[in-house]
Amino acid sequence: MEPQKGKVIGIGGVFVKCKDPDATVAWYKKHLGIPFDGYGASFPFREGGGADAQGYSVWGPFKADTEYMKPSAKDFMINFRVDDLDAILKRLKAEGVQQVDDIVDEPYGRFAWIMDPDGIKIELWQQIGPPPPPPSGDA
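What comes next is a walk through the structure. (Residues numbered from 1 in each chain as written. Predicted model: local features only at pLDDT ≥ 70, side-chain atom pairs only at ≥ 80, totals over all residues. Heavy atoms only, no water.)

1. With respect to the sheet that holds strand S6 (residues 109–115)
Step number 1: The sheet built from seven strands is open, its strands ordered S2-S3-S1-S4-S7-S6-S5 with mixed pairing. In this open sheet, the two strands that pair with only one neighbour each are strand S2 (41–46) and strand S5 (99–106). The average angle at which neighbouring strand axes cross in this sheet is 20°, direction not considered.
Step number 2: Looking at chain direction, strand S4 (residues 76–82) and strand S7 (residues 121–127) are connected through four bridges and run parallel. If you follow arginine 81 over to S7, its bridge partner there is tryptophan 125.
Step number 3: Sheet strands in contact with helix H1 (residues 21–32) are strand S1 (8–18) and strand S3 (54–63), and its direction is about 135° off that of S3. (Pairing = 2+ DSSP bridges. Helix = DSSP H or I, 4+ residues; strand = E, 2+ residues; numbered from the N terminus. Axes fitted to C-alpha atoms, helices over the stretch in contact; angles between N-to-C directions. Contact = heavy atoms within 4.5 Å.)

As structure tokens, this is what we get:
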């Protein structure tokens, strides 16, 4: 029997609001060695042991006044990696979980959003393609 599709397979990223994103990025780079690619920091990994199966997670700072996390009033958003975005959205809808906004298709993945019971916006991401290369000089 084939495993059920439409499930979370890992953490895709954590996104935080910052008073001064440039200062925050500089602090994380200086003290923790976290590279920054203009959007965030990508952390690649191997999925399922396959040499060609590469996934990645992202840490991303946002300006304090970003509207990207609305309708949540929280200062962070969690991104979960999913194996099949359409399947999980179908199941969530049947369970009474409301989708926020429309699905967005990007070259690196498909995205949808839901809200948890505590008002935290959850981003669901089905990765497409390999992880981005590390920023030059930060490898």
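Read on, since the account is not over.
2. Observations concerning the packing of aromatic side chains
Step number 1: For the structure shown, the criterion picks out nine aromatic pairs.
Step number 2: Seen from their ring centres, phenylalanine 111 and tryptophan 113 are 6.4 Å apart, and the 15° between their planes marks the pair as stacked.
Step number 3: Given a relative accessible area of 8%, phenylalanine 111 falls into the buried group.
Step number 4: Judged by relative accessible area, tryptophan 113 falls into the buried class, the value being 6%.
Step number 5: Feature note: the residues Phe15, Tyr56, Phe62, Tyr68, Tyr108, Phe111, Trp113 and Trp125 constitute an aromatic cluster, connected by ring pairs. (Phe/Tyr/Trp six-rings, centres within 6.5 Å; stacked < 30°, edge-to-face > 60°. Buried < 20%, exposed > 50% of the residue type's maximum accessible area, 1.4 Å probe, protein only.)

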